[in-house]
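# Coordinates in review
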Amino acid sequence: MSIADNIKSLKNETIPKKVTLIAVSKTKPVADIQEAYDAGQREFGENTVQEMVEKQEQLPKDIQWHQIGHLQTNKVKYIAPFISMIQSVDSLKLLQEINKQAEKNNRTIDCLLQIYIADEETKFGLGFDEAIELLRSNEFASFKNIRIRGLMGIATNTDKEKQLKDEFQELKVFFDGIKQSFFRKENSFDVISMGMSSDYEIAIEQGSTMIRVGSTIFGGRVIKHWKNN
Ligand SMILES: *Cc1c(COP(=O)(O)O)cnc(C)c1O
């Protein structure tokens, strides 16, 4: 099936209307994104700043870009003028810089706190305690140019359905608690970003409101086995 067909079947047949589809276009060429755009897709996810900025310059300006990969503080300035949502907030220091750059650009930037739910050493994210500590801090209370929209999580790379279900459920339960404790009056705290190509169906069953799907839309990515820098 074509990229356009994949988008249409996901949106019209597979995922409920209330779940937002982020098309993860990392490593894929601008032409592929344009094809998805022409099929009606407007929200795209990238995991590196450089790639996002290059693509953003070449593509229609009504695309909503989501940063989904680990973000270094010194790169926030490059995406601050246009980024729609930063899903990978994993420290107070990063949030501070996002706030600063958002202010410089006269905007409020939507963010998700990335929560560590996987049973893997390599994934970025805040632990439950760290997230609570961040939300309780005086510094957090002083940020005027960011809006926390919810939480994001990446489950373990496994095909064990029970484990995936448990991890997604853990994030949903944590989301409900955080909403009660910190965002009771804020209707905009409404995003649970969980689920990718291999596990989005389970994530939706567990209460996901936003899925990040790459290979199911654009086909597999070539994995780099080595780095030369
Ligand atoms: C690459 C990526 C995805 C999409 O992965 P697929 O398996 O291709 O759907 C989702 N979320 C994050 C954070 C990613 O880096």
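Residues numbered from 1 in each chain as written. Predicted model: local features only at pLDDT ≥ 70, side-chain atom pairs only at ≥ 80, totals over all residues. Heavy atoms only, no water.

Named according to an unreviewed UniProt entry, the protein chain is Pyridoxal phosphate homeostasis protein originating from Mucilaginibacter corticis. Listed in UniProt under the heading Function (unreviewed entry), the comment for the protein chain reads: "Pyridoxal 5'-phosphate (PLP)-binding protein, which is involved in PLP homeostasis." As recorded by UniProt, the Cofactor (unreviewed entry) comment attached to the protein chain reads in full: "pyridoxal 5'-phosphate". (UniProt positions renumbered as here; feature names shortened; annotations may be inferred.)

## Description of the nonpolar core
Residues Leu-95, Ile-98 and Leu-113 are the most contacted members of the largest nonpolar core, which totals 64 residues. Setting aside residues no more than four positions away along its own chain, Leu-95 makes contact with Val-89, Cys-111, Leu-113, Leu-134, Phe-140, Phe-143, Ile-146 and Ile-148. Counting seven residues, the second largest nonpolar core, distinct from the first, contains Leu-112, Met-152, Val-191 and Met-210. (Core = buried A, V, L, I, M, F, W, Y, C linked by side-chain atoms within 4.5 Å. Buried < 20%, exposed > 50% of the residue type's maximum accessible area, 1.4 Å probe, protein only. Contact = heavy atoms within 4.5 Å.)

## Considerations on the packing of helix α6 (residues 128-136) against helix α8 (residues 161-182)
Geometry of a packed helix pair, given as the angle between the helix axes and the separation of the axes. Axis separation between α6 and α8 bottoms out at 12 Å; the angle between their running directions is 20 degrees. Our classification of the angle between α6 and α8 gives roughly parallel. As for the relative orientation of α6 and α8, their crossing is right-handed in sense. Each of Phe-128, Ala-131, Ile-132, Leu-135 and Arg-136 in α6 lies in contact with α8, whose residues at this interface are Glu-170, Phe-174, Ile-178 and Phe-182. A class-by-class count of the residues in the contact of α6 with α8 yields seven nonpolar, no polar and two charged. (Axes fitted to C-alpha atoms, helices over the stretch in contact; angles between N-to-C directions. Helix = DSSP H or I, 4+ residues; strand = E, 2+ residues; numbered from the N terminus. Parallel < 35°, antiparallel > 145°, perpendicular 65-115°, else oblique. Left-handed = near helix turned anticlockwise from the far one by under 90°. Nonpolar A, V, L, I, M, F, W, Y, C, P; charged D, E, K, R; others polar.)

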